[in-house]
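Summary of the model geometry
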There are 2 protein chains.
Amino acid sequence: MTTANAAYEQLNTRFKKISAIGDARGILGWDMLTIMPKGASEARGEAVATLDAISHEALTDPRVGDWLNEAEGNPPADPDHQVNLAEMRRLYAHASAVEPALVEALSRAGSRCYQVWTEARPENRFDLFAPALTEVLGLVRQVAAAKSEALGLTPYDALIDQFEPSMRAARIAEIFAPLREQLPPMIGKVIERQAAEPAREQSSGPFPIDAQRELGLDVMKLLGFDFDRGRLDVSPHPFCGGATDDVRITTRYREDDFASAMMGVAHETGHALYELNRPAAWRGLPAGTARGMAVHESQSLFVEMQLFRSKPLMEKVAQLVNQHLGPNGSKAWTGDDLFSRFTRVKRSLIRVDADEVTYPLHVILRFELEQALIAGTLEVRDLPDAWNDGMERLLGIRPDSDQNGCMQDVHWTDGSFGYFPSYTLGAMIAAQLAEALRSQMADFDGRLGRGELQEIRDWMKVAVHEKGSLLTTDALVKSATGAPLGADALLRHLGRRYLG
Amino acid sequence: MTTANAAYEQLNTRFKKISAIGDARGILGWDMLTIMPKGASEARGEAVATLDAISHEALTDPRVGDWLNEAEGNPPADPDHQVNLAEMRRLYAHASAVEPALVEALSRAGSRCYQVWTEARPENRFDLFAPALTEVLGLVRQVAAAKSEALGLTPYDALIDQFEPSMRAARIAEIFAPLREQLPPMIGKVIERQAAEPAREQSSGPFPIDAQRELGLDVMKLLGFDFDRGRLDVSPHPFCGGATDDVRITTRYREDDFASAMMGVAHETGHALYELNRPAAWRGLPAGTARGMAVHESQSLFVEMQLFRSKPLMEKVAQLVNQHLGPNGSKAWTGDDLFSRFTRVKRSLIRVDADEVTYPLHVILRFELEQALIAGTLEVRDLPDAWNDGMERLLGIRPDSDQNGCMQDVHWTDGSFGYFPSYTLGAMIAAQLAEALRSQMADFDGRLGRGELQEIRDWMKVAVHEKGSLLTTDALVKSATGAPLGADALLRHLGRRYLG
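All values derive from a computational prediction rather than experimental measurement. (Residues numbered from 1 in each chain as written. Chains lettered and ligands numbered in written order. Predicted model: local features only at pLDDT ≥ 70, side-chain atom pairs only at ≥ 80, totals over all residues. Heavy atoms only, no water.)

Residues and elements named next belong to chain B. Its place among the elements puts L276 in helix 10 (residues 259–276). A relative accessible area of 8% means that L276 is categorised as buried. Separated by 30 residues in sequence, L276 and D246 have C-alpha atoms that sit 8.1 Å apart. (Helix = DSSP H or I, 4+ residues; strand = E, 2+ residues; numbered from the N terminus. Buried < 20%, exposed > 50% of the residue type's maximum accessible area, 1.4 Å probe, protein only.)

Spelled out as structure tokens, the structure:
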């Protein structure tokens, strides 16, 4: 019979193994989305499924349950290790709550639904998409029910907990409420105000891709990316992936517009800095991983929205743009040119193209619809109307098609219900962190204007990155900013930037 | 109790899993050697070691032994499946012959020795290298002893069998003997003859790397590489790696010389065609893998030495060189320019730079020294003298340093004793295959001259690639060429090309 400490050691060894498999998986996944030759997809799918199965078996191994019981019976003295142990329990509970057959059925249905979506969306064929999504939703409801029972949470909360541990729908609804109430009138005012601003003539390029790439690399340098432990590459959809000490971000280039690639780089660099600064002492262990999707998104949005799109840093960015892409027509780009361009607000149909003022309403729509879909009070066949009504109610515009309505997002196709709230929770946290920094650090805007970001990064590293998963999201926000997670800082930020 | 067929099915499932892990491992390995950021090496080492351990455990699982016993007691009726089963037994026997602790000790000592080698070789410090190599050799002798007992082979034969199944040292010595005897006088004659040829003036570039890459891609197209299932990239040492349906070759570029990169591409494309054409029906199973290192090398050398460096194909290659790199000084490259350049023979110290006439003697030296090192009749401290004496005896030149002598190769540093003979066995097989093709296929040289390689590839696909591991090397060579594996065809080829 092992002692509790021996059991805890066994758990640490096991979770480090799972983490190493995760690193392998991360590189394979990055490779698939960037450089893999197309003929390899079937064999690669097999390799990835094999690693996933091995990882799942290693986590749900009955011995892990025994070790957890033993270790919990005689827990480690160090509170951080207690947190680590609790995270192990949470991961084990999630993984073992669901029968392998159901996991596999959802995985297969998700692949099918994704495939159908890639074909049905461009043709605006909700009738083709609906049966596939219905199948996925049915399986997700089963998963939610199983996790609900295992974790003692409501079904939708059990899904949220996969992405954003300890977060609950009721709390999200509460902190989303001020946005739901205050953003619609704010949007009206911002649009009115911006309509009165003179239009700025802006170059439409062409902007050579090699030059855009060099610009992106300089943006990453400015933001403090460590090129000894990461890369920049190209993929159809920007992402941050890779592995431990090997954090790889991607972007995509258009010759007629440099903004989307550059913004993608800034956003993903925020994710990357978080991954690169996770606590070394907890490497490979649950306590050393990123806290959750909301905090992760807070890091990308802090860099993109709070630093990069700020008026002072835009001056620095304009210098880089001029250096790599040449002037804007007959004169150099100014920070004001870029700031004006990057802060345009409009009511639009597509979430991924939305500005930071309207974006939360896109998320709130999805959050409300998800709850109804999981609860069974909304069925897939009724989704288009519910979606379009919601858009009209929240954003004041009605989609012209399902393609630009309820079929626009990839998330639900593979069963990722419960993920959407993270985007707006992240925006809130980013605004709170920026507000706290501005109040604690002398000459914050001056630093931005000079492109001196080192101390800002150091602050964030200590306040957030190196905390790993040692604190809950709520406790992390409180500890870093002194205030509980909420919408106030985001609303103040938006008011200052767009109506100030 | 399972039936024999059920046991065989279990084995197939298990080996497919091991193959899928191998595919993951292949991509991670490729990534490490090409694009991984340097700061990732420790974490990547952990990921790779974890996959290796998982794969080893899956192979040496006692149930695999049980399934083998059951399946062998009631073997599949199909002879090919019997071969597949026998290959499973061979792999299991190799893997389970050695205690995990010894495997790990050798792996660690090998990493250390490689590290020492990278530092000691440039400084010509055999005194630093010797202790590390001694440690590796001691562990390899233990591995050889363990495998000797398990497989009923001599210790050195047991090592050879890891790389070249069913090949034995006595047989290698027998078929190397004509080379050992006839090459030294042949080399003298070739050098004398070439000394009388007028020197050709040749451009030293610079040859832009982008243009060299485009040339390399066109060489791959000419040779029939499938870019939907593979890639060309850059690494310090050219190799062919990757995974199923994702075969990735690399080369390295020098601005002052295009030949090394282009030859690297041609050579590795030969390896790649073999991997790309392995039998689809046996995917993931031992019978579907490449036969061994000698046959693998035969495929790279067939493409490089028998096709690419042939006078007729060189005309076609000259057109590509002119197209991508411009003329040779004031006039276009001719096939003769290139052929003359690529068939220069000299007595040189470094194996990897050696021409095809002297190369086998470099291999024979290592083959003889390896046997003595494993048998214990030669110790590491006496290696420099033994090496230098051997070079003098075989090639007529004595190394000026250990750096250019017994420290030149990487193979022994990680314990790969028994590998070297494959290079020359491969050269022999390549020459035999070419001779058989020339006798069976009308207008062989005409096809080469026109760059029409499709039917040659088709022949090789059927004769070699699609055979996987269904035949032994000897049986494969006999079946493809009608003659037993031997040195005659290689000697005839060299005589024709260099003295004809």
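Now, onward.
Rotating chain B by 179° and moving it 0.0 Å along the rotation axis overlays it on chain A with an RMSD of 0.0 Å. The transformation relating the two chain copies, once decomposed into turn and shift, fits a two-fold axis. Residue by residue, 100% of the interface of chain B is reproduced at the interface of chain A, so both copies engage with the same surface. (Least-squares fit on C-alpha atoms with pLDDT ≥ 70 in both. Contact = heavy atoms within 4.5 Å.)

Okay, the interface of chain B and chain A next. In many analyses, interface size is given as the accessible surface area lost on bringing the parts together. The interface is formed by 32 residues belonging to chain B together with 32 residues belonging to chain A. Summed over both partners, the interface of chain B with chain A comes to about 2400 Å²; 65% of that surface belongs to carbon and sulfur atoms. On the chain B side of the interface with chain A, the three residues burying the most area are I35, P37 and D228 of chain B, jointly 19% of the side's total. Here chain B and chain A share 6 salt bridges between them. At the junction of chain B with chain A, the criterion picks out 8 residue pairs in polar contact (both at pLDDT 80 or more). Counting residues per element, the ones that place at least two in the side of chain B that touches chain A are helix 1 (4–34), helix 2 (41–60), strand 1 (230–234) and strand 3 (246–251) of chain B. If you tally residues by element for the side of chain B that touches chain A, the top one is helix 1 of chain B, at 9 residues. Here the residues of the side of chain B that touches chain A are counted per class, giving 15 nonpolar, 4 polar and 13 charged. (Buried area = accessible area lost by both parts, 1.4 Å probe. Salt bridge = Lys/Arg side-chain N within 4 Å of Asp/Glu carboxyl O. Polar contact = N/O pair within 3.5 Å; in protein donor to acceptor, adjacent residues only side chain to side chain. Nonpolar A, V, L, I, M, F, W, Y, C, P; charged D, E, K, R; others polar.)

Time to look at helix 19 (residues 473–481) of chain A. Residues and elements named next belong to chain A. The set of residues buried in helix 19 consists of T473, L476, V477, A480 and T481. One face of helix 19 carries all of its buried residues, which in axial projection span an arc of 100°. Within two residues after helix 19, G482 carries a phi angle of roughly 80°, on the positive side. (Arc of directions from axis to C-beta.)

A few words now on a negative patch on the surface. Together, D210 and E214 of chain A together with D210 and E214 of chain B make up a region of like negative charge exposed at the surface. Those elements that place two or more of their residues in the negative patch are helix 9 (209–223) of chain A together with helix 9 (209–223) of chain B. Mapped onto the fold, E214 of chain A is located in helix 9. (Patch = residues over 30% accessible without salt bridge, like charges linked within 9 Å, V, L, I, M, F, W, Y side chains within 5 Å. Areas by Shrake-Rupley, 256 points an atom, 1.4 Å probe, with all protein chains shown as cover. Lys, Arg positive; Asp, Glu negative; His and termini not counted. Charge placed at Lys NZ, Arg CZ, Asp CG, Glu CD.)

In this model, chain A carries an average pLDDT of 96, and 99% of its residues clear a pLDDT of 70 or more. For this predicted complex, the interface score ipTM comes out at 0.94, alongside a pTM of 0.95. (pLDDT = per-residue confidence, 0-100.)

Glancing now at the packing of aromatic side chains. Residue and element names in this part refer to chain A. Tallying each qualifying case throughout the model produces 28 aromatic pairs over all chains. Look at F258 and W333: their rings are 5.2 Å apart centre to centre, the planes differ by 80°, and that puts the pair in the edge-to-face class. Placement of F258 in the loop between strand 3 (246–251) and helix 10 (259–276) and of W333 in the loop between helix 12 (311–325) and helix 13 (335–342) is noted, with a sequence separation of 75 residues between them. The exposure class of W333 is buried, given its relative accessible area of 3%. Members of the aromatic cluster, connected to one another through ring pairs, are F163, Y359, W387, W412, F417, Y419, F420 and Y423. (Phe/Tyr/Trp six-rings, centres within 6.5 Å; stacked < 30°, edge-to-face > 60°.)

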